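# Inside the fold
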Amino acid sequence: GPVAPNKKMVLLVAMFLGLLIPAAIIYIREMMRNRFATTEEVQAALPMIPFIGSIPVVKNSKGGAERPIVVERNKNDVMAEAFRTMRTNLNFVMRNESSKVVMFTSTVSGEGKTFAASNLAVSTVLLGKKVLLVGCDIRRPRLAEVFNFSSSRKGLTSYLSAPEDQVSMLDELIVPSKVVDGLDVLAAGIVPPNPAEQLSSKNFERAISYLKEKYDLVLLDAAPVGLVADSMIVARVADVVAYVVRLDHTYKADAAFIKSLLDEKKLQNMVVVVNGDKLDKKSYGSRGTNRYSSYSYSYTENNEKKK
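Residues numbered from 1 in each chain as written. Predicted model: local features only at pLDDT ≥ 70, side-chain atom pairs only at ≥ 80, totals over all residues. Heavy atoms only, no water.

## Some details on the layout of surface pockets
We apply this condition: We place a 1 Å grid over just the protein atoms. Points where a 1.4 Å probe fits but has no way out form a cavity, open points with protein on both sides within 12 Å along at least 5 of 7 lines form a pocket, and any residue with an atom within 4 Å of a point lines it. Grid points are joined across faces, edges and corners, and a volume is the space filled by probe spheres set on the points. A run of DSSP states H or I qualifies as a helix once it reaches four residues; a run of E qualifies as a strand once it reaches two. Both are numbered from the N-terminal end. In the scheme used here, Gly and all other residues not listed as nonpolar or charged are polar, with Ala, Val, Leu, Ile, Met, Phe, Trp, Tyr, Cys and Pro taken as nonpolar and Asp, Glu, Lys and Arg as charged.
When its volume is computed, the second largest pocket comes out at roughly 260 Å³. What lines the second largest pocket is a set of 14 residues, among which N91, M94, S99, K129 and D216 lie closest to the centre. Of all the secondary-structure elements, those providing two or more residues to the lining of the second largest pocket are helix 3 (78-93) and helix 4 (113-125). For the lining of the second largest pocket, the element with the highest residue contribution is helix 3, accounting for three residues. Residues belonging to the lining of the second largest pocket are distributed by class as follows: five nonpolar, four polar and five charged.

## Section: the packing of aromatic side chains
Our working rule: Any Phe, Tyr or Trp ring, taking Trp's six-membered ring, that has another such ring centre within 6.5 Å forms a pair; planes under 30 degrees apart are called stacked, those over 60 apart edge-to-face, and the others tilted. Each residue's exposure class comes from its accessible area (1.4 Å probe, protein chains only) as a fraction of the maximum for that residue type: buried when under 20%, exposed when over 50%, partly exposed otherwise. Two conditions define a charge sitting above a ring: the NZ of Lys or the CZ of Arg must be within 6 Å of the ring centre, and it must be within 35 degrees of the ring normal.
Summed over all chains, the structure comprises two aromatic pairs. Relative to F115, the ring of F83 has its centre 6.0 Å away and its plane inclined at 65°; by these criteria the two rings are edge-to-face. Of the two residues, F83 is situated in helix 3 and F115 in helix 4; the sequence distance between them amounts to 32 residues. Classification of F115 by relative accessible area gives partly exposed; the value is 22%. Ring plane angle 25° and centroid distance 6.2 Å describe the contact between F147 and F149, whose orientation is recorded as stacked. Each member of the pair F147 and F149 is classed as buried. One residue, K130, lies across the ring of Y215, its end atom 5.2 Å from the ring centre.

## A word on a nonpolar patch on the surface
Selection criterion: Residues with no salt bridge and a relative accessible area higher than 30% make up the patches, which join like charges within 9 Å and nonpolar side chains (Val, Leu, Ile, Met, Phe, Trp, Tyr) within 5 Å. Every accessible area reported is derived by Shrake-Rupley at a probe size of 1.4 Å, with residue values counting cover from the shown protein chains alone. Salt-bridge detection follows one rule: a side-chain nitrogen of Lys or Arg within 4 Å of a carboxyl oxygen of Asp or Glu.
A contiguous nonpolar patch, built from M9, L12, V13, M15, F16, L17, L19, L20, I21 and I25 and spanning about 980 Å² of accessible area, is present on the exposed surface. Within the fold, M9 resides in helix 1 (residues 7-32). Using a relative accessible area of 47% as the deciding quantity, one classes M9 as partly exposed.

## A look at the pairing of strand 8 (residues 270-277)
This is how it is decided: Pairing between two strands requires that DSSP report at least two bridges joining them.
For strand 8, a buried count of eight out of eight residues is recorded, marking the element as mostly surrounded by other parts of the structure. As paired strands, strand 1 (residues 51-56) and strand 8 are joined by five bridges and run parallel to one another. Paired with I55 across the bridge in strand 8 is N275. As paired elements, strand 7 (residues 240-246) and strand 8 share six bridges and run parallel to each other. Along strand 8, the bridge assignment pairs R246 with N275.

Here it is as structure tokens:
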């Protein structure tokens, strides 16, 4: 009979290569991927920092532009439930009733800190609390854009450059958000030539102390901590620092930088928020949102029958 080719040997080599080549490709791709891809990766890289929630990616079915405010009253969808979870977990982190100030920051721009702070503010207002959003990113302010304010209107920087005895001036600079009753906004204002010096002033500390007496929660939208020192300056008045990590955007190497901020006590009482979680809407709803909606509907229907 024929002595070559050896059929068994050829099949064995083919099976071996069929397993080896895909495994090698997957390994090389994983080695080359230098950004966080899943929430689990972020939690594994930062186990010492409490995780308070993830913000899912939800495609706009209407094909329009993404809305900066996605939380609405009497609305039970994926995004609303995500911010409810974040709101609840944040309450466990707040040490006592005097803890009212939460600063949002990230490593670089584009990670969604303003988006997270704005929607968390709306979600908290729905509990009947009075909330203030303060634009502390006075180099590249975003709050005015989110709430459709004029970028040239006066804001926080107007007070910071004012004399020390004019803290009541803040009442004139704070404006209603026009999104939901109970949410006010203190925009960053005109970009100053010396942002770090203004945030380091005693006026800033006086402002936060004054605002804590007027509001149940004060959220500070600060600058990216990996680009400028402003956030480390602002953090001295914050009770909690919410660090936003965006999947497919934040580098894995940034985990070492975040750890150093905590170890060196530049940012204390930190929590992590993951943005851009690729969570399937159907599976997310089946775990809670759809069940909650059907339960709410049944409860309302039963009440109507009783009436």
